[in-house]
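# Remarks on the overall topology
The primary structure of each chain is shown beneath.
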Amino acid sequence: MSDAANPVLDMMLSGEYSDLVFSCHGESFKVHRAVVCPQSSVIRAALTTGFKEAKDATLNMDAFQPATVRRFVNYLYTKAYDYDANGEITEDPNSPENGNQASPQANDIEANGDSTDNANARQTQTGDASMESDRPSTNEELPTTEQIAATENNAYNTIDPNMNAATAEEKPTTYRPEINDPVFKAILAHTRMNAMGDYYDIPELSKFANTQINTILTGASPDALWVIGLPVIAETALEIVNNEGLTEVLTAAISENLGTILAAGALEDSSLMTPFCLELLKKCIVTNQQISETLSYKIMTLNEVNTKYQKAADLTLQQRKAASNLTTTKKCRNTSCQGHFDCYFAEDGGTLRCRLCHAKH
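Scoring rules and cut-offs
Residues numbered from 1 in each chain as written. Predicted model: local features only at pLDDT ≥ 70, side-chain atom pairs only at ≥ 80, totals over all residues. Heavy atoms only, no water. Helix = DSSP H or I, 4+ residues; strand = E, 2+ residues; numbered from the N terminus. Contact = heavy atoms within 4.5 Å. Areas by Shrake-Rupley, 256 points an atom, 1.4 Å probe, with all protein chains shown as cover. Pairing = 2+ DSSP bridges. Axes fitted to C-alpha atoms, helices over the stretch in contact; angles between N-to-C directions. Salt bridge = Lys/Arg side-chain N within 4 Å of Asp/Glu carboxyl O. Parallel < 35°, antiparallel > 145°, perpendicular 65-115°, else oblique. Left-handed = near helix turned anticlockwise from the far one by under 90°. Nonpolar A, V, L, I, M, F, W, Y, C, P; charged D, E, K, R; others polar. Buried < 20%, exposed > 50% of the residue type's maximum accessible area, 1.4 Å probe, protein only. pLDDT = per-residue confidence, 0-100. Polar contact = N/O pair within 3.5 Å; in protein donor to acceptor, adjacent residues only side chain to side chain. Phe/Tyr/Trp six-rings, centres within 6.5 Å; stacked < 30°, edge-to-face > 60°.

Secondary structure summary: the protein chain contains 14 helices and five strands in total. Residue pairs at least 24 apart in sequence account for 61% of intrachain contacts in the protein chain once pairs closer than 6 positions are excluded. On the protein chain, roughly 19500 Å² of surface is accessible, and the fraction owed to carbon and sulfur atoms is 53%.

The next thing to look at is the sheet that holds strand S1 (residues 20-24). One open sheet holds the three strands; their spatial order is S2-S1-S3, and the pairing between them is mixed. Unpaired on one side and paired on the other, strand S2 (27-31) and strand S3 (58-60) mark the two borders of the sheet. If you compare each strand with its neighbour and ignore which way they point, the axes differ by 25° on average. Taken together, the five bridges between S1 and S2 define a ladder with antiparallel strand orientation. Paired with Val-21 across the strands is Lys-30, a residue of S2. In the packing of helix H5 (residues 66-78) onto the sheet, the strands contacted are S1 and S2, and the crossing angle to S2 comes to about 5°.

Proximity of charged atoms lets side chains of opposite charge pair with each other. Summed over all chains, the structure comprises six salt bridges. Across the salt bridge formed by Glu-204 and Lys-207, the nearest N and O atoms sit 3.5 Å from each other. Here Glu-204 pairs with Lys-207, and both are found in helix H10 (residues 203-219), just three residues apart, close to one helical turn. With a shortest N-O distance of 3.2 Å, Asp-342 and Arg-355 are connected by a salt bridge. Residue Asp-342 is found in the loop between helix H14 (275-326) and strand S4 (343-345), and its partner Arg-355 is found in the segment after strand S5 (352-354); the two are separated by 13 residues along the sequence.

The next thing to look at is the packing of helix H11 (residues 230-238) against helix H12 (residues 246-256). Viewed as axis vectors pointing N to C, H11 and H12 meet at an angle of 160°, and their least axial separation amounts to 10 Å. As far as their axial angle goes, H12 and H11 are roughly antiparallel. Where H11 crosses over H12, the two elements pack in a sense that is left-handed. Within the contact between the two elements, H11 uses Leu-230, Pro-231, Ile-233, Ala-234, Ala-237 and Leu-238 and H12 uses Leu-246, Thr-247, Leu-250, Ala-253 and Ile-254. Residue composition of the contact of H11 with H12, grouped by class: 10 nonpolar, one polar and no charged.

Not every positive phi belongs to a glycine, and Asp-201 is a case in point at roughly 55°. A relative accessible area of 38% means that Asp-201 is categorised as partly exposed. One non-glycine residue, His-358, lies in the positive phi region at around 65°. Here His-358 is to be found in the segment after S5. The class of His-358 is partly exposed, set by a relative accessible area of 43%.

Two numbers describe how helix H9 (residues 182-199) lies on H10: the axes approach to 7 Å, and their chain directions differ by 165°. The orientation of H9 relative to H10 falls into the category roughly antiparallel. Crossing of H9 over H10 shows left-handed handedness. Contacts between H9 and H10 pair Val-183, Ala-186, Ile-187, His-190, Thr-191, Met-193, Asn-194, Met-196, Gly-197 and Asp-198 from the former with Pro-203, Leu-205, Ser-206, Ala-209, Asn-210, Gln-212, Ile-213, Ile-216 and Leu-217 from the latter.

Confidence along the protein chain averages 76 in pLDDT terms, with 72% of residues attaining 70 or more. Across residues 85-173, where pLDDT falls below 50, the model places 190 contacts with residues more than four positions away in sequence or in other chains.

All right, on to the pairing of S1 then. Of the two faces of S1, the one holding Leu-20, Phe-22 and Cys-24 is buried and the one holding Val-21 and Ser-23 is not buried anywhere. Bridging between S1 and S3 involves three bridges; their strand directions are parallel. Across the sheet, Ser-23 pairs through a bridge with Asn-60, a residue of S3.

This brings us to the environment of Ser-221. Inspection of the secondary structure assignment puts Ser-221 in the loop between H10 and H11. Judged by its relative accessible area of 40%, Ser-221 falls in the partly exposed class. Polar contacts involving the side chain of Ser-221 include one to the main-chain amide nitrogen of Asp-223, which spans 3.2 Å.

Attention shifts here to the packing of aromatic side chains. Counted according to the given criterion, the structure contains seven aromatic pairs. Here Phe-64 and Tyr-200 contribute two aromatic rings whose centre-to-centre distance is 6.1 Å and whose plane-to-plane angle is 35°, an arrangement assigned as tilted. Taken together, the residues span a long stretch of sequence, with Phe-64 in the loop between S3 and H5 and Tyr-200 in the loop between H9 and H10 at a distance of 136 residues. On the accessibility criterion, Phe-64 (0% relative accessible area) is buried. Their ring planes at 50° and their centres at 5.9 Å tell us that Tyr-75 and Phe-208 sit as a pair that is tilted. Highlighted residues: Tyr-75 in helix H5 and Phe-208 in helix H10, separated in sequence by 133 residues. One aromatic cluster is present, built from ring pairs that chain together Phe-22, Phe-64, Phe-72, Tyr-199 and Tyr-200.

The structure is reproduced here in structure tokens:
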């Protein structure tokens with residue numbers, strides 16, 4: 001809605017006085033050079049070097065997807081971009097899905113309705129008059145419910161990017177259950193925004209995206225499907241030249257959930273791992289589990305010994321106090337007990353009692 005108190009935001013929403021267009025897969029986003037250029041040295045250079053972009057006042061952003069460019073525009077004008085209450089990035093359900101992908105796994109997710117941006121298609125904007133990515137795009141479709149059911153044990157089989165509907169039933173497809181998880185989709189969308197910040201040299205955008213990812217990871221349950229999708233997100237992040245610390249964030253998240261990720265086979269076909277490293281990692285996990293179990297047992301034993309020691313120490317202290325009383329006690333505290341005073345320690349070991357009347361001393 002229009003905000004009279006924020007004329008810059010009002011210009012973004014209305015497109016009034018626009019002197020530049022971001023073009024992305026058939027969609028146009030009207031923006032203002034005075035807002036955009038001070039924030040991005042890449043865009044500023046493209047518009048001041050006499051190339052086609054400067055003459056046409058149109059910047060091609062087909063390396064990304066419309067949903068991401070829309071959030072990019074929001075950030076340029078507001079220093080933020082929106083996501084809904086569930087943490088899922090707001091997406092345009094009608095946006096094109098034939099984008100560039102960073103990895104085979106990302107290709108599968110791309111087809112699910114939250115398209116993957118070509119984060120690793122970085123190009124020198126000042127030296128490319130066309131400003132178009134030279135990487136091919138694909139039009140993949142997720143398997144239908146029937147195709148998934150036909151895939152044995154929902155296994156992670158290799159997907160052919162050229163597979164069409166006619167051959168889908170003849171060839172098993174990759175089933176990735178995490179792609180519909182709202183946490184996974186939110187983290188992946190923020191990762192794409194990180195990529196866009198790097199692409200157009202806006203480090204504050206990348207940092208903002210990382211903050212959102214950290215917030216999501218902090219509140220997310222580890223017992224959900226998003227965990228097994230972390231390697232896919234990491235592959236996307238590693239293609240970003242300067243992701244402002246996102247690699248460390250994802251590395252920590254993966255290490256905390258490594259057992260679950262390995263058990264799900266999420267690293268089997270990942271470009272993050274060679275077969276040797278994967279086997280080595282599995283062995284390390286087994287060894288770590290054994291060490292953890294041994295350590296847990298020793299800690300439990302130590303706690304038991306410590307408890308026994310503490311009880312013995314307390315008993316010794318009580319007995320010393322009781323023994324000191326013998327030097328000053330000449331008769332039983334029970335006035336009706338007239339016999340010779342003698343005493344003993346009760347069964348608890350720390351209580352001194354009269355041997356005749358068993359009164360407590």
